[in-house]
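Below are the chains, spelled out letter by letter.
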Amino acid sequence: MLEEGSVSGMSSGASTPEPEAPFTPKFVVRLSDHVTKDGDCVKFTLQVSQNGHTVQVLEREYEDFEYLEHCVTTSQPSHGLIIPPMPQRSAIDPYNAEIQSKRLMGKGSKTLIPDEFHKDCLQLQKYLELLLSHPVLGKSQKLHDFLTVKEAPPRTKVKKGLISRLSDSLDARKASYPDCEEFFQKERDWVAKYQPAAANANDAFSKIICAQLRISHQLEQMVTALKLSSLPNDQVHYMQFNNMNMIFLDCIDTLKSQTEEKADKEDLMFGAVQTLWHRYVQAENAMLLDRTCLMVDYQACNRALDKAKPNRKEAAERAKKEAEQAFEECSDAARQEIKEFQRKRVEELQRSIDQYAAYQLTCSRATLNTLTQALSQIKAINL
Amino acid sequence: MADSREPPPLFNDDDDSRKDDDNDDLFTSAVQSPVSELTTPEDQTKQEGAGDPLTSPPPATSFPPDPSGGDRPDLFESCEEPSVGGFSSVPLEQPAEGGGTQQELSSEPPANLVDAPSVEPAVMSSFITPAEEASTLDAAAATNDDDDDATNPTNHAGEDTASSSEEALVTVYDSETPEVHSSAPELDADSSLLNAPSFLGDGETTEISLDDTAQEVSLEDETDDGELFDPASTPKLQLNQDPPLPASNILPPMGAPLTPPVAPITPTATPNLTPNVTPAAPTPVTPVAAARPSAEQLESESGDEFIEISISDPQKIGDGMSSYMAYKVTTKTNIAYFRKKHWSVTRRFSDFLGLHGKLVEKHLHSGRIIPPAPEKSAIGTTKIKLGSDKSSDSSSSDFIERRRASLERYMNRTAAHPTLRSDPDFREFIELDAELPRATQTSALSSAGVLRLFNRVGETVNKMTFKMDESDQWFEEKTQQIENLDAQLRKLHAAMEGLVAYRRELATSTASFAKSAAVLSSVEEHSALSRALHQLAESTERTHTIHHAQADADFYHLSETTKDYIHLIGAVKDVFHERVKTFQTWQHAQTMLAKKREAKAKAELAGRMDKVQQAQDEVAEWEAKVERSQEEFDRISRAIKKEMEQFDIVRVKDFKDMLVKYLEALMTSQQQIIKVWETFLPEARAIS
């Protein structure tokens with residue numbers, strides 16, 4: 001299906017769980033930090049609870065999630081639904097991890113960024129939350145099975161064939177058709193403008209994160225260099241030097257971990273949210289495209305009906321009715337979806353901005369504190 | 001130039017040797033110590049070691065004469081020899097001659113004298129020094145004679161200050177050297193010095209001597225003198241004062257022109273003089289002020305001497321490849337042997353290199369660590385030279401600022417070294433208000449540059465191939481330590497460079513995020529979210545500038561200081577290598593001596609008496625050489641130990657300064673960031 005095609009393979013961000021207003025999710029899922037890695041196979045532990053009671057604890061692999069997504073989106077008509085984006089698979093094998101590290105730390109860097117499963121956990125958790133809180137998808141039996149049956153369902157590798165890709169590209173050409181409804185036209189225009197802007201912002205933000213990671217790495221190097229530069233303790237001023245060196249070294253070390261943590265947290269609380277919603281907007285775009293296709297079909301049917309010869313009139317009439325119905329249903333669903341989607345989006349983005357700013361404050365205060373201490377200690381050393 | 005150069009010839013040979021000796025003992029306060037003797041001639045001899053702090057203040061006053069390189073040595077001599085007896089003699093003279101005439105006499109000779117060695121010093125020191133220096137017995141007599149001769153001309157100078165200054169200079173040249181030599185051939189150096197002080201002292205010194213019988217008092221008196229002078233001094237004295245003061249003020253500017261006394265200088269000097277004179281006359285206080293710090297110094301310590309050099313206003317002069325950058329070198333100091341407390345001159349980059357070259361030439365062999373000058377960067381300079389001066393593109397203005405900062409650090413490092421800062425070339429460099437002769441040896445592409453390269457290669461090969469068996473454990477440890485330090489500093493520097501680079505990256509990516517957030521906010525349809533994004537964009541934009549400033553702080557406080565130290569370590573290595581070379585000559589002399597002795601023994605065995613005699617001579621010659629080179633080796637070893645001690649102390653201090661400054665910079669940027677987000681939060685919350 002179209003949605004599936006454009007959505008699978010995209011990743012999403014994560015954010016703190018939050019209750020959904022109109023539709024109450026049936027389950028609450030928490031991915032615990034317990035992650036087992038065996039070669040290429042990474043198993044996440046899911047803790048499923050209902051009404052505050054733990055119903056099931058089960059292990060799932062990333063592939064299971066992929067299959068779940070496939071099932072959920074294909075098992076029912078999904079016209080007019082914005083499918084929550086599936087998080088991207090993080091690099092687990094050394095080769096990809098190296099590529100990833102080089103991207104983050106610069107080409108010459110020899111550091112390998114360790115697995116960051118907590119990020120994956122948060123993102124997958126967020127994904128399940130979004131699915132569960134979705135008024136239509138949240139009711140899917142497949143999803144419920146996924147969360148309650150101990151054994152993971154047997155899965156098949158979902159592959160996108162040549163045909164579906166071809167049809168995708170054909171459909172994409174329809175994106176420029178003018179819409180018959182102003183609401184959708186506006187939404188489509190907005191998505192078209194918003195997507196590149198959001199992509200830019202995401203890139204820029206991830207560069208900030210990168211730079212911070214690199215800074216923390218350099219600070220670490222400084223710490224090692226400083227550690228080596230202690231002098232023999234046989235003279236008064238050497239001892240003073242060593243004392244200052246130690247204080248400075250500790251200070252830099254703290255700064256280093258602070259920077260690292262800051263980069264990490266910023267990424268989670270702002271970057272990931274931005275990315276998630278950027279993806280989500282892409283999903284919305286896919287939905288809108290799907291609707292446009294239906295609209296085009298419907299219009300084609302209308303034309304066919306007008307031109308139809310009397311003997312074909314009936315069939316054309318039927319086809320037109322079907323198309324009209326599909327289009328109307330889709331539009332109705334889409335209108336609801338879009339409103340809900342925008343509400344959620346604004347809410348979460350605003351919160352993330354707020355959190356981000358507050359976190360900046362806490363970080364800077366902590367850093368300032370560290371610095372003040374170090375400075376007063378150093379100043380206390382009289383030469 | 002002229003000042004330092006002219007006088008130096010007279011004394012230089014002697015002076016240098018003496019300096020070296022002095023330096024070894026007095027390392028830090030070499031200059032000061034002699035002065036101290038002046039203040040308390042009798043006590044000084046006993047106190048010399050402890051007395052330094054006390055003496056140091058007087059040195060300040062007495063020092064002023066030093067500005068010219070030659071003077072300083074003289075002072076030393078004069079202090080040491082005459083001081084004991086001299087003190088008594090001075091008072092004697094003064095009373096005898098009385099207030100007015102004598103003073104005039106004395107004042108005149110200084111003026112004459114001034115021309116060559118130290119114009120300024122005379123002024124400065126006149127208060128104190130006259131008494132002290134007058135102390136030299138010989139000088140006293142000589143000076144009187146000289147004074148008499150000179151008085152007439154000097155009077156003119158004092159009265160006509162502006163116009164006479166030129167004349168005075170001329171007269172000085174004429175009269176000075178011949179007179180001095182003639183009057184006291186033996187004392188010549190001393191006498192000349194004496195004259196200078198006496199000149200200054202005419203008005204003031206007399207008073208001092210009268211008031212103070214006790215040496216201690218003299219210090220206090222000095223300060224008082226200035227104040228007391230106006231009211232207390234007799235009319236005659238005042239007259240005298242006025243001329244001397246202006247003279248002194250004038251002199252400093254004069255000093256520069258004086259050096260090239262020959263022909264061209266005088267014309268240049270006159271213009272300078274006139275402006276200077278005017279300020280001098282209205283402010284007789286200035287000399288007092290100068291004297292005061294010195295008095296305080298007496299009480300406190302030599303450590304109170306400060307000299308602060310700042311480099312500013314980089315300016316491109318000329319066009320194309322022949323253009324160069326000129327910098328304004330501003331000096332603030334309370335060290336008395338400088339003529340003023342605050343002044344500035346203009347120097348071009350190669351002048352700095354030239355200065356470094358001169359200092360290395362003069363002081364490296366005596367085991368001094370000479371702070372290295374900033375490197376010449378062919379690419380950077382060419383860029384600037386070819387770039388039009390109006391377009392200040394960031395990379396070249398960055399480069400200039402970087403260079404300016406490193407020049408400033410270089411100058412201050414050099415100035416912090418007591419021996420180097422009193423070096424005539426250094427003083428000429430910061431004081432001479434005229435263009436220095438081009439330093440031709442500095443260009444990387446010149447023949448001298450190529451030669452230098454060869455020399456360096458040779459040295460390196462020598463360093464690698466010659467392994468000296470170290471007899472001194474201290475040096476063995478130190479060499480190892482220095483090597484380690486070098487490696488660590490390099491590592492540290494690499495990390496710091498990375499830090500700076502990534503901090504810059506952070507700044508630029510923050511800026512681009514701010515931009516894209518602004519775009520996002522313009523696209524956003526939800527008005528509250530749009531405004532929140534807009535706020536976010538503004539805040540990040542502000543943090544961008546903070547990050548940028550932080551990157552600069554990282555660079556200037558951490559990275560550059562560390563780089564300086566890498567270069568300084570290079571200088572230390574050079575000094576160590578200099579010692580190794582000395583050791584080599586000593587070894588060579590020893591092997592030669594052994595050979596000669598062998599030859600002599602052979603000749604004796606062979607019974608060839610004629611050859612024996614010759615061999616005997618050679619043996620004696622090489623024995624002397626061995627002794628000399630051994631002495632040299634011991635001396636340089638001692639000097640290096642002293643230098644290293646000082647180096648370590650300064651290093652620790654610099655390290656602390658660096659940390660404090662850096663941490664403070666970090667704190668400022670954090671505070672700024674806090675402010676940014678503090679203003680952001682309420683606004684963002686108000687929106688939502």
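About the thresholds
- Residue indices begin from 1 for each chain and proceed along its sequence in written order.
- Here the convention is simple: chains get letters from A, ligands get numbers from 1, in the order in which they are written.
- Two thresholds apply to this predicted model, a pLDDT of at least 70 for residue-level local features and 80 or more for giving and counting side-chain atom pairs, whereas whole-chain, interface and lining totals are computed over all residues.
- Based on all heavy atoms of the structure, the side-chain values leave hydrogens and waters out of the count.
- A run of H or I in DSSP counts as a helix once it spans at least four residues, and a run of E counts as a strand once it spans at least two, with each numbered from the N terminus.
- The contact criterion used is simple: two residues touch if any of their non-hydrogen atoms lie within 4.5 Å.
- For the accessible areas, the method is Shrake-Rupley and the probe is 1.4 Å, while residue cover comes only from the protein chains on display.
- In this scheme, a residue with accessible area under 20% of its type's maximum is buried, one over 50% is exposed, and one in between is partly exposed, where area comes from a 1.4 Å probe on protein chains only.
- At least two bridges found by DSSP between two strands is the condition for calling them paired.
- Only the contacting stretch of a helix is used when fitting its axis, a line to C-alpha atoms as for every element, and angles between N-to-C directions run 0 to 180 degrees.
- Buried area is understood as the total, over both parts, of accessible area removed when two parts are fitted together, assessed with a 1.4 Å probe.
- The working definition used for a salt bridge is a side-chain nitrogen of Lys or Arg within 4 Å of a carboxyl oxygen of Asp or Glu.
- How far a helix is expected to stretch is found by multiplying one less than its residue total by 1.5 Å.
- Centre distance within 6.5 Å is the pairing criterion for rings of Phe, Tyr and Trp, where only the six-membered ring of Trp is used; planes under 30 degrees apart are then read as stacked, over 60 as edge-to-face, and the remainder as tilted.
- We call a charge positioned over a ring when the NZ of a Lys or the CZ of an Arg lies within 6 Å of the ring centre and within 35 degrees of the ring normal.
- Scored from 0 to 100, pLDDT records how confident the predictor is in each individual residue.
- Side-chain atoms within 4.5 Å are what join buried Ala, Val, Leu, Ile, Met, Phe, Trp, Tyr and Cys residues into a set we call a nonpolar core.
- The term polar contact refers here to a pair of N or O atoms within 3.5 Å; inside protein, the definition further demands a hydrogen-donor-capable atom paired with an acceptor-capable atom, and it admits residues adjacent in sequence only when both atoms are side-chain atoms.
- Angles below 35 degrees are treated as roughly parallel, those above 145 as roughly antiparallel, those between 65 and 115 as roughly perpendicular, and all remaining angles as oblique.
- Handedness of each helix crossing follows the sense of rotation of the near helix against the far helix: counterclockwise by less than a right angle gives left-handed, clockwise gives right-handed.
- For this scheme, ten residues count as nonpolar: Ala, Val, Leu, Ile, Met, Phe, Trp, Tyr, Cys and Pro. Four count as charged, namely Asp, Glu, Lys and Arg, and the remainder, Gly too, count as polar.
- By disulfide we mean two sulfur atoms from cysteines, separated by a distance within 2.5 Å.

J.: Go over the overall build of chain A with me, naming the residues and quoting the values.
T.: Scanning chain A from terminus to terminus reveals nine helices and three strands. Partitioning the contacts of chain A with sequence separation of at least 6, the portion at a separation of at least 24 is 77%. When the accessible surface of chain A is totalled, it reaches about 18400 Å², and 53% of it is carbon and sulfur.

J.: Outline the overall build of chain B, listing residues and values.
T.: Summing up its helical and strand segments, chain B has 26 helices and three strands in all. Burial statistics for chain B: of 688 residues in total, 56% are counted as buried. In chain B, of all internal contacts separated by at least 6 residues, the share reaching a separation of at least 24 is 80%.

J.: Lay out the sheet that holds strand S3 (residues 53–61) of chain A in plain terms, naming residues and giving numbers.
T.: Residue and element names in this part refer to chain A. Read from one edge of the open sheet, three strands run S1-S2-S3, paired in antiparallel fashion. Every interior strand has two partners, whereas the edge strands, strand S1 (28–38) and S3, have only one. Neighbour to neighbour, the strand axes of the sheet diverge by 20° on average, direction disregarded. Of the pairings in the sheet, the one linking strand S2 (residues 41–50) to S3 comprises eight bridges and is antiparallel in character. Bridge pairing in S3 links Lys-43 to Glu-61.

J.: Give me the sheet that holds strand S2 (residues 324–333) of chain B: which residues, what numbers.
T.: All names here are of chain B. With respect to topology, three strands assemble into an open sheet ordered S1-S2-S3, the strand pairing being antiparallel. Both edges of this open sheet fall to strand S1 (307–317) and strand S3 (342–348), since each of them pairs with a single strand only. Put simply, the sheet's adjacent strands are angled 20° from each other on average, direction ignored. Across seven bridges, S2 lies against S3 in antiparallel orientation. Residue pairing across strands places Thr-330 opposite Ser-344, the latter belonging to S3. Against the sheet, helix H18 (residues 349–363) touches S1, S2 and S3, its axis set at about 100° to S3. Against the sheet, helix H22 (residues 424–431) contacts S1, S2 and S3, and its axis sits at roughly 95° relative to S3.

J.: Account for the side chain of Thr561(B), with residues named and values stated.
T.: Tracing the backbone shows Thr561(B) in helix H25 (residues 527–606). Among all residues touching Thr561(B), those that are not within four sequence positions of it are Arg413(B), Tyr556(B) and Met658(B).

J.: Mind laying out the interface of chain A and chain B, listing which residues take part and the relevant values?
T.: Taken together, the contact between chain A and chain B spans 63 residues of the former and 57 residues of the latter. When the two sides are added together, the surface that chain A and chain B hide from each other amounts to roughly 5400 Å², 76% of it contributed by carbon and sulfur. It is Ile215(A), Gln350(A) and Ile353(A) that lose the most area in chain A upon contact with chain B, and together they represent 10% of the buried surface on that side. Linking chain A with chain B are four salt bridges, by the criterion used here. Between Glu678(B) and Arg365(A) there is a salt bridge, with the nearest N and O atoms lying 2.5 Å from each other. In terms of residues, the side of chain A that touches chain B owes the most to one element, helix H7 (residues 182–228) of chain A, which gives 23 residues.

J.: Account for helix H2 (residues 62–74) of chain A, naming residues and giving values.
T.: Look at H2(A): 19 Å from first C-alpha to last across 13 residues, which is about the 18 Å you get at 1.5 Å a residue. Most of H2(A) sits out of view: 10 of its 13 residues are buried.

J.: Can you explain the packing of aromatic side chains? Please cite residues and give values.
T.: Inspection of the entire model under this criterion finds 25 aromatic pairs over all chains. The interplanar angle of 65° and the centroid separation of 5.0 Å between the aromatic rings of Phe352(B) and Phe429(B) together place this pair among those described as edge-to-face. Of the two residues, Phe352(B) sits in helix H18 while Phe429(B) sits in helix H22, which places them 77 residues apart along the sequence. Residues Phe352(B) and Phe429(B) agree in their burial class; the two are buried. Counting every residue linked through ring pairs, the aromatic cluster contains Phe205(A), Phe270(A), Tyr356(A), Phe513(B), Trp677(B) and Phe680(B). A cation over an aromatic ring shows up here: Lys625(B) above the ring of Trp622(B), its NZ or CZ 4.0 Å from the ring centre.

J.: Before we move on, can you summarise the confidence of the model for chain A with the specific residues and values?
T.: Residue and element names in this part refer to chain A. Confidence in the prediction of chain A, expressed as mean pLDDT, is 81, and 89% of residues score 70 or more. The secondary structure element of chain A with the lowest average pLDDT is helix H1 (residues 2–7), at 34, and the one with the highest is H7, at 90. Low pLDDT, under 50, characterises residues 1–21; the stretch is placed with 76 contacts to residues that sit more than four places away or in other chains.

J.: I'd like a description of the nonpolar core, backed by residues and values.
T.: One finds Met222(A), Phe248(A), Ile252(A), Leu536(B) and Leu663(B) to be the most contacted residues of the largest nonpolar core, which totals 94 residues. Counting only elements with at least two residues in this core, the list comes to helix H3 (94–105), H7, helix H8 (236–307) and helix H9 (310–380) of chain A together with helix H24 (473–523), H25 and helix H26 (609–687) of chain B. Counting residues in each nonpolar core, the second largest holds 46 residues, with Leu355(B), Met411(B), Leu485(B) and Phe647(B) among its members.

J.: If you had to explain helix H4 (residues 117–133) of chain A to someone new, which residues and values would you point to?
T.: In a regular helix each residue adds 1.5 Å, so 17 residues correspond to 24 Å; H4(A) covers 24 Å between its end C-alpha atoms and thus fits that length. Most of H4(A) is tucked away: 15 of the 17 residues are buried.

J.: Explain the pattern of salt bridges residue by residue, including any values.
T.: Residue and element names in this part refer to chain A. Counted under the stated rule, the structure contains 42 salt bridges over all chains. The partner of Glu-348 in a salt bridge is Lys-126, with the nearest N and O atoms 2.8 Å apart. With a gap of 222 residues between them, Glu-348 in helix H9 and Lys-126 in helix H4 connect regions that are remote in the sequence. Where Lys-320 meets Glu-324, a salt bridge forms, and the shortest distance between an N and an O atom there is 3.8 Å.

J.: Help me get a handle on the side chain of Arg409(B), residues and values and all.
T.: Its place among the elements puts Arg409(B) in helix H20 (residues 394–416). Once you skip the residues sitting within four places of it in the chain, Arg409(B) turns out to touch Glu560(B) and Asp564(B).

J.: Break down the environment of Thr362(A) for me, citing the residues and quoting the values.
T.: Inspection of the secondary structure assignment puts Thr362(A) in helix H9. Polar contacts involving the side chain of Thr362(A) include one to the main-chain carbonyl oxygen of Ala358(A), which spans 2.8 Å.

J.: Go over the confidence of the model for chain B with me, naming the residues and quoting the values.
T.: For residues with low pLDDT, the predicted coordinates do not support detailed interpretation. Residues and elements named next belong to chain B. With 49% of its residues at a pLDDT of 70 or more, chain B shows a mean pLDDT of 65. Below pLDDT 50 for its whole length, residues 1–302 participates in 588 contacts with residues either more than four positions away or in separate chains. Predicted as a complex, the structure gets a pTM of 0.66 and an ipTM equal to 0.84.

J.: Give me the packing of H7(A) against H24(B): which residues, what numbers.
T.: At their nearest, the axes of H7(A) and H24(B) sit 8 Å apart, and the two run at 165° to each other. When the interaxial angle is binned, H7(A) and H24(B) end up roughly antiparallel. Every pair of crossing elements has a handedness; the one defined by H7(A) and H24(B) is left-handed. Of the residues contributing to the contact of H7(A) with H24(B), the split by class is 26 nonpolar, 11 polar and six charged.

J.: Describe the environment of Lys332(B), with residues and values.
T.: Residues and elements named next belong to chain B. Mapped onto the secondary structure, Lys-332 falls in strand S2. For the pair Lys-332 and His-342, spaced 10 residues apart in the sequence, the C-alpha separation amounts to 4.4 Å. Not counting chain neighbours up to four residues away, the residues in contact with Lys-332 comprise Phe-306, Ile-307, Glu-308, Lys-341 and His-342.

J.: Lay out unusual backbone geometry with the relevant residues and their values.
T.: Positive phi outside glycine occurs at Asp313(B), with the angle close to 50°. Checked against the element boundaries, Asp313(B) lands in strand S1.

J.: Outline the packing of H24(B) against H25(B), listing residues and values.
T.: Residues and elements named next belong to chain B. The contact between H24 and H25 brings their axes to 7 Å, and the two run at 165°. When the axes of H24 and H25 are compared, the pair comes out roughly antiparallel. Crossing of H24 against H25: the hand is left-handed.

J.: Got a sec to walk through the state of the cysteines? Specific residues and values, please.
T.: Under the defined criterion, the tally for this structure stands at zero disulfides over all chains. Summary of cysteine pairing: Cys293(A) is not part of a disulfide, and the nearest cysteine sulfur, belonging to Cys330(A), is at 9.7 Å.

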